[in-house]
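Residues per chain are reported as follows:
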Amino acid sequence: MLNSATDTAEHTANQRFLDRCGKPLGLKVEQISVPADQIASKALRMASSDSLTDVLELDGSELPQFAQTEGLRPLDEVGVDTVGLSASAKSLGSYDGTQYGIARSVNSLALIYNTELLKDAGIAPPTTWKELRAAAKKLTAGDTYGMAFSASPNADGVYQFLPFFWSADGDETKIDNGKGEAALQLWKDLVADGSVSKSVVNWNQQDVNDQFVAGRAAMMINGPWQVPVLSAQKNVDWAVAGIPVPEAGKPAVPPIGGTVMAVPKNDEDPAREKNAGKVLNCLNSEKNQLEWGDSVNNVPTRATAARAYAQQNPKLAAFAELVTTARSRTAKVGTGWPVVGDALAGAFQSVLTGRTSPEQALHRAQQQASAGK
């Protein structure tokens with residue numbers, strides 16, 4: 001298996017599951033782990049020399065790149081059971097209507113807030129954009145901003161912009177459809193109000209978490225990957241809520257994130273493909289998904305396991321709810337996503353730095369995306 005489990009603890013935990021699933025089949029599963037940003041290039045080099053691993057685990061946003069080359073085996077052809085997966089999880093592992101990858105667990109974004117600061121201000125976690133703007137303004141005092149998010153000109157910033165863009169009915173296939181401007185205007189207003197630091201244009205998601213833990217932000221948009229740090233610190237009591245939406249009653253539509261496991265084609269030894277399928281079925285049993293989700297603070301993708309996860313982890317239940325309405329960044333644009341993501345990043349950067357209006361920014365973003373395609 002080629003994966004990005006370079007962290008010693010994650011690599012060791014992962015091997016425990018691989019041994020659990022391989023041993024009954026008489027198989028030994030070895031991990032080849034490289035940094036996440038090197039997975040795609042490493043896999044392509046291995047494929048060119050016919051040495052690609054039996055299982056390829058990569059970020060869901062990278063799946064279309066490999067599926068398009070017809071180098072992956074559709075999961076149903078190797079006996080992988082995808083029944084019971086959430087619709088969002090299926091979209092993460094699909095390309096052009098075919099399931100090529102399966103995710104053991106997924107993540108998304110939520111509103112994480114300082115319970116003490118909100119309580120002292122007499123504020124409930126905001127559920128709408130209007131409430132968010134009012135709460136952020138009221139919570140801003142001294143060295144503490146009411147709100148923090150990442151607006152960096154890369155994947156972190158784009159990932160954090162999407163819940164606002166999509167919840168406003170923004171469309172990555174027609175960026176300037178007149179809907180996404182509201183999301184840009186909200187971000188612009190929060191900064192103009194002084195409720196959000198102007199430095200968000202430089203902050204990645206880790207920087208945002210650092211601001212929150214230091215007490216310099218009362219609320220933040222972030223994901224479950226921050227839970228280990230949040231749980232280890234003693235200064236801030238925190239809780240998780242859904243992402244505010246434009247109007248009450250509308251569902252939040254955040255991006256779904258995580259890795260998917262795929263089976264590269266092996267025409268010379270189809271038995272290895274079948275064995276890979278068996279290992280994936282074991283890794284994605286309800287029991288194993290639940291245990292893995294607990295270990296990495298991510299939500300299992302089988303609906304039954306996700307419900308159990310929410311019950312066992314009430315503090316993180318909001319994440320389990322949000323992934324049901326989340327969707328894949330590549331669902332609509334496939335291999336065109338990197339170009340679209342760059343265009344969106346340019347849009348919110350130009351608006352937050354005062355160079356263009358939301359309308360101009362998204363019109364330019366659409367031109368950039370079209371030219372890139």
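Labelled according to an unreviewed UniProt entry, the protein appears under the name Multiple sugar transport system substrate-binding protein, originating from Streptomyces violarus. UniProt, in its Sequence similarities (unreviewed entry) section for the protein, records the words "Belongs to the bacterial solute-binding protein 1 family."

### Digging into the state of the cysteines
Summed over the entire model, instances satisfying the criterion amount to one disulfide. With its sulfur 2.1 Å from that of its partner, Cys21 forms a disulfide with Cys282. Because the torsion about its S-S bond is -75°, the bridge between Cys21 and Cys282 counts as left-handed. Here Cys21 is found in helix α1 (residues 8-22), whereas its partner Cys282 is found in helix α11 (residues 270-283), with 261 residues between them in sequence. For Cys21, a relative accessible area of 2% gives the class buried.

### Points about the pattern of salt bridges
Oppositely charged side chains may form a pair once their charged atoms are brought near each other. Inspection of every chain in the model, using the stated rule, returns 13 salt bridges. Linking Glu77 and Arg73 is a salt bridge whose minimum nitrogen-to-oxygen distance equals 3.7 Å. Glu77 gets classed as partly exposed once you look at its relative accessible area, which sits at 43%. Glu291 is the partner of Lys287 in a salt bridge, and the nearest nitrogen-oxygen pair spans 2.8 Å. With Lys287 and Glu291 both in helix α12 (residues 286-296) and four residues apart, this pair spans about one turn of that helix. We classify Glu291 as partly exposed; its relative accessible area is 30%. One continuous salt-bridge network, built from bridges that share partners, spans Arg73, Glu77, Asp267 and Glu273.

Rules behind the numbers
Residues numbered from 1 in each chain as written. Predicted model: local features only at pLDDT ≥ 70, side-chain atom pairs only at ≥ 80, totals over all residues. Heavy atoms only, no water. UniProt positions renumbered as here; feature names shortened; annotations may be inferred. Disulfide = S-S within 2.5 Å. Helix = DSSP H or I, 4+ residues; strand = E, 2+ residues; numbered from the N terminus. Buried < 20%, exposed > 50% of the residue type's maximum accessible area, 1.4 Å probe, protein only. Salt bridge = Lys/Arg side-chain N within 4 Å of Asp/Glu carboxyl O.

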